[in-house]
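Coordinate inspection notes
Below, each chain spelled out in residue letters.
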Amino acid sequence: MSSVAISKKTGFGATLWDYLTTVDHKKLGNMYFFAGLLFFAIAGFEALLIRIQLMVPNNDFVSAGLFNELLTMHGTTMLFLAATPLLFGFMNAIVPLQIGARDVAFPFLNSLGFWLFFLGALFLHLSFFMGGAPDAGWTSYASLSLYSPGHGIDFYVLGLQISGAGTLISGINFIVTIITMRAPGMTFMRMPLFTWTTLISSALILFAFPPLTVGLFFMLVDRMFGANFFDHTMGGNTIIWEHLFWIFGHPEVYILVLPAFGLFSEIIPVFARKRLFGYSSMVFATILIGFLGFMVWAHHMFTTGLGPTANAIFAVATMAIAVPTGMKVFNWILTIWGGSIKVTVPMIYALGFIPSFVAGGVTGVMQATAPLDYQLHDSYFIVAHFHYVIVGGIVTAIFGATHFYWPIMFNRVLNEKLGYIVFWVFFIGFHLTFFLQHFLGLMGMPRRVFTYQADQGWDLYNFISSIGAIMMGIGVILLVVNMLLSIKGKPVNQRDYWGDGRSLEWALVTPVPFYNFKQTPLIRGYDPYWIEKHEGNKEGMTYAEPLGDIHMPHGSILPLIMSIGMFIAAFGALYHPDGVSWSVPVIILGIGITVACMILRSFKDDLGYHVHKEEIIALEEELYGKGGNK
Amino acid sequence: MMKGLKKWRLFSLLAVMTVFLSACGEEYISTLKPAGAVGKEQFNLLLFSITIMALVVVVVSVLYIYAFLKFRRSKQGEDYMPKQVEGSHTLEVIWTVIPIVFLLILTVPTLISTYKFGDVAAMEHVDENGNKTALIVDVTAKLYWWEFAYPDLGIVTAQELVVPTGEKVYFNLLAADVKHSFWIPSIGGKMDTNVENINKFYLEFDEESEGLKDGVFYGKCAELCGPSHALMDFKVKTLAPEAFDAWVASMKATEGQTASKDSADLGEATFAASCLGCHAVSSVTGMPSGTAMGPNLSAFGDRSHIAGFLDFNKENLVSWIKNPEKYKPGNLMTGKYKVGNNNPDELSDEEISAVADYIMSLSVEK
């Protein structure tokens with residue numbers, strides 16, 4: 001399964017050490033992917049418990065308090081700890097290959113970003129075993145979260161603070177990588193769409209996470225030291241939290257959905273055997289969506305009482321986003337128009353995505369209609385809407401891309417038949433679950449309710465919705481089974497597995513060696529591999545340099561230790577309000593470990609090492625047989 | 001001819017939507033069966049936007065399905081090499097401009113309604129005697145119950161809002177502890193009750209609630225507020241203007257009413273000793289809106305539900321008093337008194353039964 005395919009047998013300890021210290025973007029991509037998958041499974045399980053509870057009226061499957069913990073952790077985990085890392089997995093694994101880079105700009109930071117995310121996520125999930133999870137919703141509105149007893153909210157604040165730092169670091173890393181590390185000839189307007197969306201969504205991370213960090217910090221000192229940022233009886237204001245949260249929270253949606261758009265913009269042209277229609281307008285639409293994404297946060301607060309003028313402005317701004325999004329949809333349709341459509345598992349996800357996402361988009365416009373939103377807000381209608389966007393848009397992208405990029409990431413193929421079964425079970429389950437929820441909302445059912453009384457007209461729809469959720473669960477289990485089965489599968493050992501690859505990553509023979517490109521490629525146009533292939537270039541790329549020594553960075557355990565330091569400090573901060581004597585020493589110890597690692601890293605220069613020409617030739621012969629990567 | 005056909009199609013689409021949507025839900029809670037002017041306007045906006053959106057979905061679906069069916073590789077041949085088109089400026093302009101036009105059309109009613117619903121200037125209007133001309137209700141949301149005070153009438157009630165039909169009723173919304181949201185789905189959209197500022201809006205009640213299933217419209221808390229958020233229901237009784245005036249008069253007549261510890265009635269005496277500290281039995285309390293510790297019980301006997309959601313009968317009331325935590329986890333009534341049959345400071349079964357009888361007898365309508 002390893003992307004460094006030296007077939008020497010290594011012990012478990014050595015492999016573990018390799019992964020703990022790796023700075024290789026491909027391995028980190030895999031680690032992001034599997035960590036994301038783990039949290040996706042946990043949050044999906046929480047969703048199942050939620051739907052079982054709501055299957056029938058007046059159910060007592062879970063208690064009211066536990067239900068609130070489940071819904072909070074489901075939302076928080078899915079957005080921060082599942083969708084984000086899964087997409088980061090693809091960004092890490094694919095973007096450097098698409099732009100012809102040997103690695104990301106800051107491999108050390110890449111590793112640090114992962115470990116901060118992972119330990120922050122782990123910290124948040126420990127709350128289940130240490131006195132109760134957060135229970136104020138993923139939005140954690142200030143009045144309720146300050147009122148919430150126990151340590152749940154502290155876990156939320158500290159866990160997200162740590163994992164958010166990791167996400168921010170990764171975002172910056174991608175921006176620098178894409179701006180500075182493109183191969184010669186890879187101009188901005190030749191970059192594949194997935195690279196473009198990664199760039200824009202990383203820019204959104206850069207601007208959106210700081211407001212969240214500020215909000216979480218205010219909440220932290222409110223709860224730890226009794227500051228009064230949000231306590232209105234002491235002059236604080238809870239609406240400030242709503243603004244800070246949504247100034248982050250709305251761009252967050254685009255942080256996730258833009259890379260999903262990017263993935264589909266890679267999948268659709270390959271299986272339509274046709275160039276992406278309207279490339280430049282796709283790029284323009286991406287940038288415009290990213291920009292407008294910051295102008296609309298208050299549409300989450302139409303009922304907060306901001307007044308008609310604010311509501312009117314944000315309503316119109318929100319509707320404006322529909323325009324670039326619509327451009328994208330039409331461009332995808334025109335890409336398959338006149339093409340030669342081959343239905344494969346990745347493609348069927350793309351085909352399922354278009355109508356599902358359009359359905360989610362139009363309900364978004366309906367909610368942008370502020371006076372109508374007074375009815376829809378915080379009802380099941382909004383639950384249906386954002387699940388259509390997130391599941392119909394982002395999750396289908398992740399599942400489709402999993403099949404699409406599995407050969408590059410793991411040199412194996414996912415079973416196609418099982419892939420179709422998973423698609424249909426999941427896709428039907430998805431519509432069954434969420435379509436009727438629109439009507440539940442319109443019929444007056446508020447969201448985030450742990451139970452409901454019988455005979456309000458909601459019983460049947462809730463029951464059907466729960467059946468759909470169970471189908472989605474079965475689909476995900478089968479997908480994991482498919483992944484496990486692929487371990488036993490035959491290695492792919494070829495380039496361009498799908499036969500119609502266009503961008504640079506398909507020019508590489510799998511398994512991809514740890515240095516990616518033995519010679520940096522020369523990019524001669526948009527869809528470089530397609531160009532080379534159709535000019536009869538058997539090697540798949542033209543090289544920009546002769547074969548020479550390759551400079552690579554050393555692995556390092558420091559990112560893990562630094563993250564553990566923050567993890568330890570978080571426990572001190574968590575118990576500080578209880579007045580325990582060890583809290584401050586623990587905070588100092590944890591931060592001390594992190595700072596010590598930073599000092600060590602600053603004084604001990606890692607100059608990296610060179611892979612010599614002869615070693616490259618030897619490795620390539622070992623990987624691909626006589627003649628190397630030809 | 002074509003134009004007429006298109007109009008007819010649009011109309012039939014609208015008609016189908018109306019039938020489909022209005023078939024959904026119960027009339028006392030569904031936004032699809034609006035019983036007030038605000039809700040009706042929102043429902044029309046729903047139909048209008050859904051029609052535009054359905055049009056978008058249809059256009060996209062037709063293009064998409066056509067492209068998918070026509071350009072399959074099985075039809076094109078395995079070796080078919082499509083023309084590698086870069087794009088089309090004309091098409092880009094078309095699908096940029098047409099959605100903008102659609103959105104501009106949608107913007108017009110959006111802006112009109114936004115300002116209309118936001119207009120609460122009438123709350124300040126006074127007649128020649130300096131009395132407010134509009135009916136104003138102060139809504140205070142508390143963990144997990146609602147207080148409704150009528151500041152200009154000097155009365156207060158809880159859990160069941162009583163309003164007249166046929167006029168705009170204005171609301172001052174505030175939360176006493178954490179944020180809640182005030183929503184009567186079949187009457188109109190919601191507005192949050194914030195902790196730090198008073199939100200103002202109005203609703204109109206067009207139909208009397210008497211003929212409904214429980215004789216009331218259902219109201220909901222729409223903002224997560226803790227474990228019992230799902231149970232923080234209230235009810236709305238709408239009365240014809242004369243009936244409302246009569247109700248106000250009989251509520252005012254409860255002035256000075258109280259429970260006495262020395263009463264011969266065990267229920268009243270127990271209530272006075274254990275409950276009166278939080279629950280007033282007079283609607284005219286003289287206290288500022290929102291300051292009551294517990295729901296005002298002066299019209300308890302007229303309610304349709306206990307604790308906002310349980311069926312109205314003595315059995316439920318007794319169970320509720322014995323263990324409110326079982327029904328509404330996290331409520332603030334739990335622990336304010338002791339229940340048991342052993343010590344004199346505990347409420348015995350007999351006392352609770354008597355208290356229930358007493359509370360249920362508090363009525364202004366019977």
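Residues numbered from 1 in each chain as written. Chains lettered and ligands numbered in written order. Predicted model: local features only at pLDDT ≥ 70, side-chain atom pairs only at ≥ 80, totals over all residues.

With an unreviewed UniProt entry as reference, chain B is termed Cytochrome c oxidase subunit 2, source organism Ureibacillus manganicus DSM 26584. Heading Function (unreviewed entry) of the UniProt record for chain B holds this comment: "Subunits I and II form the functional core of the enzyme complex. Electrons originating in cytochrome c are transferred via heme a and Cu(A) to the binuclear center formed by heme a3 and Cu(B)." According to UniProt, the comment filed for chain B under the heading Catalytic activity (unreviewed entry) is "4 Fe(II)-[cytochrome c] + O2 + 8 H(+)(in) = 4 Fe(III)-[cytochrome c] + 2 H2O + 4 H(+)(out)". (UniProt positions renumbered as here; feature names shortened; annotations may be inferred.)

Per an unreviewed UniProt entry, the recorded name for chain A is Cytochrome c oxidase subunit 1, and the organism is Ureibacillus manganicus DSM 26584. Chain A has a UniProt comment under Subcellular location (unreviewed entry) that states "Cell membrane". Reading the Pathway (unreviewed entry) entry of the UniProt record for chain A gives the comment "Energy metabolism; oxidative phosphorylation."

**Focus: the overall build of chain A**
Per the secondary structure count, chain A includes 19 helices and four strands. A compact globule built from 630 residues would reach a C-alpha radius of gyration of about 25 Å, and chain A, at 25 Å, matches this within 12%. Dimensions of chain A along its principal axes, counting C-alpha atoms only, are 75 × 60 × 45 Å. Within chain A, buried positions represent 61% of all 630 residues. When contacts within chain A are restricted to residue pairs at least 6 apart in sequence, those whose partners lie at least 24 apart make up 82%. (Helix = DSSP H or I, 4+ residues; strand = E, 2+ residues; numbered from the N terminus. Rg over C-alpha atoms; globule rule 2.2 N^0.38 Å. Buried ≥ 20, exposed ≤ 12 C-beta atoms within 10 Å, placed from the backbone. Contact = placed C-beta atoms within 7 Å.)

**Section: the UniProt feature "domain: Cytochrome c" (unreviewed entry) in chain B**
Within the UniProt annotation, "domain: Cytochrome c" (unreviewed entry) is assigned to residues 262–363 of chain B. End C-alpha to end C-alpha, residues 262–363 of chain B measures 21 Å, and it is 34% helix and 8% strand.

**Considering the sheet that holds strand 3 (residues 155–158) of chain B**
Residues and elements named next belong to chain B. Read from one edge to the other, the open sheet built from five strands follows the order 3-2-1-5-8, with strand pairing classed as mixed. Strands with a single pairing partner mark the edges of an open sheet, and in this sheet they are strand 3 and strand 8 (199–204). Neighbour-to-neighbour, the strand axes of this sheet turn through a mean angle of 25°, independent of strand direction. Note that strand 1 (residues 135–142) and strand 2 (residues 145–150) share five bridges and pair antiparallel. Looking across to strand 2, one finds that A141 is bridged to W146. (Pairing = 2+ DSSP bridges. Axes fitted to C-alpha atoms, helices over the stretch in contact; angles between N-to-C directions.)

**Focus on the interface of chain A and chain B**
Contact with chain A, which involves 77 residues of that partner, is made by 74 residues of chain B. At the level of secondary structure, the elements contributing two or more residues to the side of chain A that touches chain B comprise helix 3 (64–98), helix 5 (142–147), helix 8 (238–272), helix 9 (279–292), helix 10 (308–336), helix 11 (345–368), helix 12 (370–376) and helix 14 (416–442) of chain A. It is helix 10 of chain A that contributes the most residues to the side of chain A that touches chain B, 15 residues altogether. Its residues placed into classes, the side of chain A that touches chain B shows 42 nonpolar, 29 polar and six charged. (Nonpolar A, V, L, I, M, F, W, Y, C, P; charged D, E, K, R; others polar.)

**Comments concerning the UniProt feature "domain: Cytochrome oxidase subunit I profile" (unreviewed entry) in chain A**
Sequence positions flagged by UniProt for "domain: Cytochrome oxidase subunit I profile" (unreviewed entry) are, in local numbering, residues 11–524 of chain A. Along residues 11–524 of chain A, the helical share is 70% and the strand share 0%, with 43 Å between the first and last C-alpha atoms.

**Topic: helix 14 of chain A**
Think of an α-helix as 3.6 residues a turn; residues three or four steps apart then line up on the same face. The terminal C-alpha atoms of helix 14 of chain A, which comprises 27 residues, lie 39 Å apart, in line with the 39 Å expected from a rise of 1.5 Å per residue. Among the residues trailing helix 14 of chain A, G444 of chain A stands out with phi positive, at a value near 100°. (Expected span 1.5 Å × (residues − 1).)

**Considerations on the sheet that holds strand 4 (residues 160–164) of chain B**
Residue and element names in this part refer to chain B. If you walk across this open sheet you meet the five strands as 4-10-9-6-7, and the pairing is mixed. Of all strands in the sheet, those with a lone pairing partner are strand 4 and strand 7 (188–193), marking the two edges. With strand direction ignored, the average angle separating the axes of adjacent strands in the sheet is 25°. Relative to strand 10 (residues 234–239), strand 9 (residues 217–221) runs antiparallel, the two being bridged by three bridges. Bridging across to strand 10, Y218 finds its partner in K235. Running at roughly 130° to strand 4, helix 5 (residues 241–252) makes contact with strand 4 and strand 10 of the sheet.

**So, the packing of helix 11 of chain A against helix 14 of chain A**
Residues and elements named next belong to chain A. Put simply, helix 11 and helix 14 touch, their axes get as near as 10 Å, and they point 10° apart. If you check the angle between helix 11 and helix 14, you find them roughly parallel. In this structure, helix 11 contributes V345, I348, Y349, G352 and T363 to the contact, and helix 14 contributes E416, G419, Y420, F423, F427 and H438. Tallied by class, residues from the contact of helix 11 with helix 14 come to six nonpolar, four polar and one charged. (Parallel < 35°, antiparallel > 145°, perpendicular 65-115°, else oblique.)

**Quick look at the confidence of the model for chain A**
Residues and elements named next belong to chain A. Considering every residue of chain A, the mean pLDDT works out to 93; 98% of them sit at 70 or more. Confidence, read as mean pLDDT per element, is least for helix 19 (residues 613–624) in chain A (88) and greatest for helix 2 (residues 25–53) (97). Considering only residues more than four positions removed or in separate chains, one finds that residues 1–7, a stretch of pLDDT under 50, has twelve contacts. (pLDDT = per-residue confidence, 0-100.)

**Regarding the domain arrangement of chain B**
Taken domain by domain, chain B holds domain 1 (2–77 + 84–117) and domain 2 (266–361). Averaged C-alpha coordinates put domain 1 of chain B and domain 2 of chain B at centres separated by 51 Å. (Domains from an automatic or database assignment.)

**Focus on the pairing of strand 7 of chain B**
All names here are of chain B. The buried count for strand 7 comes to six of six residues, which makes it a mostly enclosed element. Where strand 6 (residues 180–184) lies against strand 7, four bridges are found, and the strand directions are antiparallel. Bridge pairing in strand 7 places S181 opposite D192. Hairpin connection from strand 6 to strand 7: three residues lie between these consecutive antiparallel strands.

**A short note on the confidence of the model for chain B**
Taken as a whole, chain B shows an average pLDDT of 91; of its residues, 95% reach a score of 70 or greater. Predicted as a complex, the structure gets a pTM of 0.93 and an ipTM equal to 0.92.

**Digging into the UniProt feature "transmembrane region" (unreviewed entry) in chain B**
Residue and element names in this part refer to chain B. When the UniProt feature table is mapped to this numbering, "transmembrane region" (unreviewed entry) covers residues 45–69 and 90–112. Across residues 45–69 one finds 100% helix and 0% strand; the C-alpha atoms that close the span lie 35 Å apart. Helix makes up 100% of residues 90–112 and strand 0%. Its end C-alpha atoms lie 34 Å apart.

**A word on the environment of I50 of chain B**
All names here are of chain B. With respect to the helices, strands and loops of the structure, I50 is situated in helix 2 (residues 37–70). Taking the C-beta count within 10 Å as the criterion, I50 has 21 such neighbours and is therefore assigned buried. When the C-alpha positions of I50 and L203 are compared, they lie 24 Å apart, and in sequence the two are 153 residues distant.

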